[in-house]
Amino acid sequence: MLLSEAFENGESLRRYCQENDIPIYEAMIRREVKLSEKPREEIIAEMQKNLDVMRASVDRGLSGKVESVSGLSGGEAMKLFKYGKHNPFSGYTACRAAASSMAVVEVNASMGRIVAAPTAGASGILAGALIEAGRQRGWSDDTLIEGLFTAGAVGFIFAKNATISGAGGGCQAETGVAASMTAAALVEISGGAPIQALDAAAMAMKNVMGLICDPVAGLVECPCIKRNALGAVNAMLCADMALAGITSLIPFDEVVSAMYAVGKDIRVEYRETARGGLATTPTGKAVAQRVKRLQGN
Amino acid sequence: MEDFSVFDIIGPRMTGPSSSHTAGAVRLSHIARKIAGEDVAEAAFTLYGSFAETGRGHGTDKALVAGVLGMDPDDPRIKEAFTVAREMGVLVSVEFSDEPPKHPNTARIVITGSTGQITEVVGQSVGGGNIRISEINGLAVEFSGEYPTLIIQHNDQPGVIAEVSHVLAQLNVNIAFMRVFRHGKGEDAYMTIETDQPVTPDMQSMILRLCNGINKLFVV
């Protein structure tokens, strides 16, 4: 099979990896080398820059209060992080990953620097879960970078065969895809096979399929920040399930197609327009009015 | 989508909070600055649609100011763009309009250059940090800024387009997309040429030297 055919869908990617006896991240790096006509080292170095910004955004959100431009959010990541030290119900690892994910999106809302993955609104999931998992397991930057390429491959297939925008397919297309990407990355760098990574990705999407995008006041804050927390935990749980040998009854590619079909069926009110869901609750509307007044002065 | 790089998925590195309302806005006005082609003395922005509704909360106003000052979407100073403008002596004003636009995220950018020349650019942020320029000085155009883009203001007369494409061919620059726009027959016209290879300053002066009927040329 040719490299140019490997990224048609999950199945072609799995076959390419099997034929060449390589992990998904290796296929993704090879594709990027070919596409960009740049040397491999340069591409790895570029991904290292992304990892550095991701880590800095986690650290910043956890080390002090960051306040959003609208004043709606900030400081909750730090609260969860502190609370998580004392036997949280969701577990030490999951709770820290969730807090790290929230940290990134809080930094994002404060006009700080983040890496979109795949979007700014879902930027916390991959960064938070991967960096926290890496801290606990002692993964090197080289290993984390491999994970980022695995995540990139899964995101690419969603972008190619479905959508990765809230306006196009609702929140499932942003935090859902980010969780799928992250689950696959965690599986591969834990030594799982490509098919296990794709199964983890499929399960993560199945868990949130149909999730609408209903941002209060149209801002990337509520419910986005907490949905990033959920996304990180969703990714870790699905990675664990895949590594435990659990498979997805519905194969990855069929999940991608179903997600796309559902995304197109989601009414425009629930696709980033802030005209439905939480955005039009009495409180959501009141908050939007308050933010609008802020704009007036 | 076929040409998506891994860095379109894991990336871009950007200043938040929104790829469309912040990163896209920076790119939009950065390109407007390049179209103006000189130092910016004054810039006036009008925001329409979703830019107007949620722009302040997303920092769209700051992002537009940052772009016109020459910042990129990952510049950490975007948040302080108004202060930076003041320090640089650039006058800026932002208006939020109720007027319904054709596209939800639209901005009109009027730049007064250091020589007093006025350039008016209308553009849209179309999602994921991608943009589209739809109007330059009242003339409808269309390009994305994804590729090196050569914009030529020229006389609407036979042969200009052929000469430009001929010179580009000799310079081994491949044309990805090309469009021609004009006010009316024989009047002011623009061509936008999106290329696979960069058009260097040397190449630009060669096009100016070898082709007749060009009034202004710039690359964004």
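About the thresholds
- Residues numbered from 1 in each chain as written.
- Chains lettered and ligands numbered in written order.
- Predicted model: local features only at pLDDT ≥ 70, side-chain atom pairs only at ≥ 80, totals over all residues.
- Heavy atoms only, no water.
- Contact = heavy atoms within 4.5 Å.
- Buried area = accessible area lost by both parts, 1.4 Å probe.
- Salt bridge = Lys/Arg side-chain N within 4 Å of Asp/Glu carboxyl O.
- Polar contact = N/O pair within 3.5 Å; in protein donor to acceptor, adjacent residues only side chain to side chain.
- Helix = DSSP H or I, 4+ residues; strand = E, 2+ residues; numbered from the N terminus.
- Buried < 20%, exposed > 50% of the residue type's maximum accessible area, 1.4 Å probe, protein only.
- Pairing = 2+ DSSP bridges.
- Axes fitted to C-alpha atoms, helices over the stretch in contact; angles between N-to-C directions.
- Parallel < 35°, antiparallel > 145°, perpendicular 65-115°, else oblique.
- Nonpolar A, V, L, I, M, F, W, Y, C, P; charged D, E, K, R; others polar.
- Core = buried A, V, L, I, M, F, W, Y, C linked by side-chain atoms within 4.5 Å.
- Left-handed = near helix turned anticlockwise from the far one by under 90°.

A word on the interface of chain A and chain B
Between chain A and chain B, the contact holds 42 residues from the first and 33 residues from the second. Buried area between chain A and chain B, summed over both chains or domains, comes out near 3100 Å², and the portion from carbon and sulfur atoms is 60%. The interface formed by chain A and chain B includes two salt bridges. Here Asp 74 of chain B and Arg 113 of chain A are joined by a salt bridge, their closest N and O atoms 3.0 Å apart. Counting every contact that joins chain A to chain B gives 14 residue pairs in polar contact (both at pLDDT 80 or more). Ranked by residue count, the leading element in the side of chain A that touches chain B is helix α8 (residues 141-161) of chain A, at eight residues.

Focus on the pairing of strand β8 (residues 149-155) of chain B
On a regular strand, one side chain projects to one face of the sheet and the next to the other, so that they alternate. Residues and elements named next belong to chain B. For β8, a buried count of six out of seven residues is recorded, marking the element as mostly surrounded by other parts of the structure. Two strands pair when backbone bridges link them, and β8 and strand β11 (residues 214-219) are joined in this way by five bridges, in the antiparallel orientation. Considered in β11, the bridge of Ile 151 is made with Phe 218.

Observations regarding the packing of helix α3 (residues 24-36) of chain A against α8 of chain A
Residue and element names in this part refer to chain A. Axis separation between α3 and α8 bottoms out at 8 Å; the angle between their running directions is 75°. Taken together, the axes of α3 and α8 are roughly perpendicular relative to one another. Across the interface between the two elements, Ile 24, Tyr 25, Met 28, Ile 29 and Arg 31 of α3 pack against Glu 146, Phe 149, Thr 150, Gly 152, Ala 153 and Phe 156 of α8. Looking at the contact of α3 with α8 residue by residue, the class counts come to seven nonpolar, two polar and two charged.

Here we look at the nonpolar core
Formed by 94 residues in total, the largest nonpolar core has its most connected members in Phe 7, Met 54, Leu 126, Phe 149, Phe 158 and Phe 252 of chain A together with Ile 10 of chain B. Ranked by residues supplied to this core, first place goes to α8 of chain A with 11 residues. In contact with Met 54 of chain A, not counting residues within four places along its chain, are Val 115, Ala 117, Leu 126, Ala 127, Ile 131 and Leu 148 of chain A together with Ile 10 of chain B. Core analysis: the second largest hydrophobic core is formed by 41 residues, Ala 25, Ile 31, Ile 111 and Phe 181 of chain B among them.

Here's the deal with the packing of α8 of chain A against helix α13 (residues 252-265) of chain A
Residue and element names in this part refer to chain A. One way to put it is that α8 packs onto α13 with a least axis distance of 10 Å and a crossing angle of 45°. Relative to α13, the element α8 lies oblique. Like other packed secondary-structure pairs, α8 and α13 cross with a definite hand, here right-handed. For the pair α8 and α13, contact is made by Val 154, Ile 157, Phe 158 and Asn 161 and by Phe 252, Asp 253, Val 256, Met 259 and Tyr 260, respectively. Within the contact of α8 with α13, the residues separate by chemical class into seven nonpolar, one polar and one charged.

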